[in-house]
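Structure assessment
Here is how the chains run, residue by residue.
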Amino acid sequence: MPVVPVSSLDDPRLADYAHATDVALKKAQGTEHGLYLAESLLVMQRALAAGHVPRSVLALGTSETEAVDALRASGHPDVPVFVGPAELLAELTGYILHRGLIASMNRPALPSVDELLDLTDARRIVVVENVVDPTNVGAIFRSAGSIGADAVLVTPRCSDPFYRRAIRVSMGTVLQVPWTRTGAWPELADILHARGVEVAALALTPDAVSLREYTPPARVALVLGTEGEGLTPEALAASDVRVQIPMLHGIDSLNVAAASAVAMWAVSG
């Protein structure tokens, strides 16, 4: 295991951590699908358990042993672990590594929607349409992982679940819950319908049924819309049923992340 003390920030192998944006990491040269950063030992362990391949680890001195042990246990004993004092590493990254370490991970190839649904035999699916805030994306994935969605489908204009904030907010469940990018409507609905999946759109429309009264079939896909505007007309047109969460005190809706948790719980039985 090559443990590398950081004495100079000019080492080109540290470039992954040098104030790199999520977009820059996604387009990193010399990689097949780009990179993402896994912050904390827990998130790195979840990434490794998912089969993602590490490129390197940056660790405070006190986290060196944990990083080495995790890499060795996952079959990656030769991945370099760069170790240095907090002040020097903060100069490199732009922030203190409060969680002890951060790992540069190779992004895996995403399966097609058909491949994902074949792999998971999904019966409870969440479709996240155009949600732009990584915090909300991460919170939706955390609900999916904890309450029990079998798969998450992310539309083309949705924020990237591999963005650092989404991973952090999800507590690494982005790396555990099976997910992939989708194509456009109505092709996505055609794929779901071909598998006997009912498309249930969470929407504030006059014909929406109360979530209390909705009895989900054996296979259902809950469709969640973007912050503020909600679902697109294309998503509504492709849905089989519209469902809304009953509200009190004149409040019309919940934040999309909160709504996802309520709806997932309601159809999980």
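To be clear, the structure that these remarks concern was listed above.
These remarks concern the structure in this document. Please read these numbers as outputs of a predicted model, since none were measured by experiment.

1. Remarks on the pairing of strand E2 (residues 35-39)
Counting buried residues in E2 gives five out of five residues, a clear majority hidden from the surface. Of the two faces of E2, the one lined by Leu 35, Leu 37 and Glu 39 and the one lined by Tyr 36 and Ala 38 are each fully buried. As defined by bridge partners, E2 adjoins strand E5 (residues 101-106) across five bridges and the pair is classed as antiparallel. Looking at the pairing, Tyr 36 lines up with Met 105 of E5.

2. Considerations on the packing of helix H5 (residues 113-120) against helix H8 (residues 187-194)
In helix packing, the relevant descriptors are the interaxial angle and the interaxial distance, both defined with respect to the helix axes. Packing of H5 against H8 brings their axes to within 11 Å, and their N-to-C directions diverge by 25°. By the angle between their axes, H5 is roughly parallel relative to H8. Crossing angle aside, the handedness with which H5 passes H8 is right-handed. When H5 is examined against H8, the residues Val 113, Asp 114 and Leu 117 are found in contact with a partner set consisting of Leu 188, Ile 191 and Leu 192. Taken together, the residues of the contact of H5 with H8 break down into five nonpolar, no polar and one charged.

3. Here we look at the sheet that holds strand E4 (residues 81-84)
Pairing is mixed across the open sheet formed by five strands, whose spatial order is E1-E4-E3-E5-E2. Each edge of the sheet is formed by a strand with only one pairing partner; in this case those strands are strand E1 (3-5) and E2. Each strand of the sheet is rotated relative to its neighbour by a mean of 20°, with strand direction disregarded. Sheet analysis places strand E3 (residues 54-60) next to E4, joined by four bridges and oriented parallel. Among the inter-strand pairings, Leu 60 is bridged to a residue of E4, identified as Gly 84. Against the sheet, helix H4 (residues 86-93) makes contact with E3 and E4, and its axis sits at roughly 135° relative to E3, the strand it touches most.

Reading guide: rules and limits
Along each chain, the written sequence defines residue order, and numbers are assigned to residues from 1. Local features are withheld for residues below a pLDDT of 70 in this predicted model, meaning they are given only at 70 or higher, and side-chain atom pairs are given and counted only at 80 or more; totals for whole chains, interfaces and linings count all residues. Each side-chain value is derived from all of the structure's non-hydrogen atoms; neither hydrogens nor water enter the calculation. Here the term buried applies to any residue with accessible area under 20% of the maximum for its type, exposed to any over 50%, and partly exposed to those in between, with areas from a 1.4 Å probe on protein chains only. Helix and strand assignments come from DSSP, with helices taken as H or I runs of at least 4 residues and strands as E runs of at least 2, each series counted from the N terminus. Only strands joined by at least two bridges in the DSSP assignment are considered to pair. The convention used is that axes are lines fitted to C-alpha atoms, helices contributing only their stretch in contact, and that angles between N-to-C directions extend from 0 to 180 degrees. Should an angle fall under 35 degrees it is called roughly parallel, over 145 degrees roughly antiparallel, and 65 to 115 degrees roughly perpendicular, with every other angle called oblique. In this scheme the handedness of a crossing depends on how the near helix is turned from the far one: anticlockwise by less than a right angle means left-handed, clockwise means right-handed. Here a residue-residue contact requires only that any non-hydrogen atoms of the pair lie within 4.5 Å. Three classes are used: nonpolar for Ala, Val, Leu, Ile, Met, Phe, Trp, Tyr, Cys and Pro, charged for Asp, Glu, Lys and Arg, and polar for all others, with Gly counted as polar.

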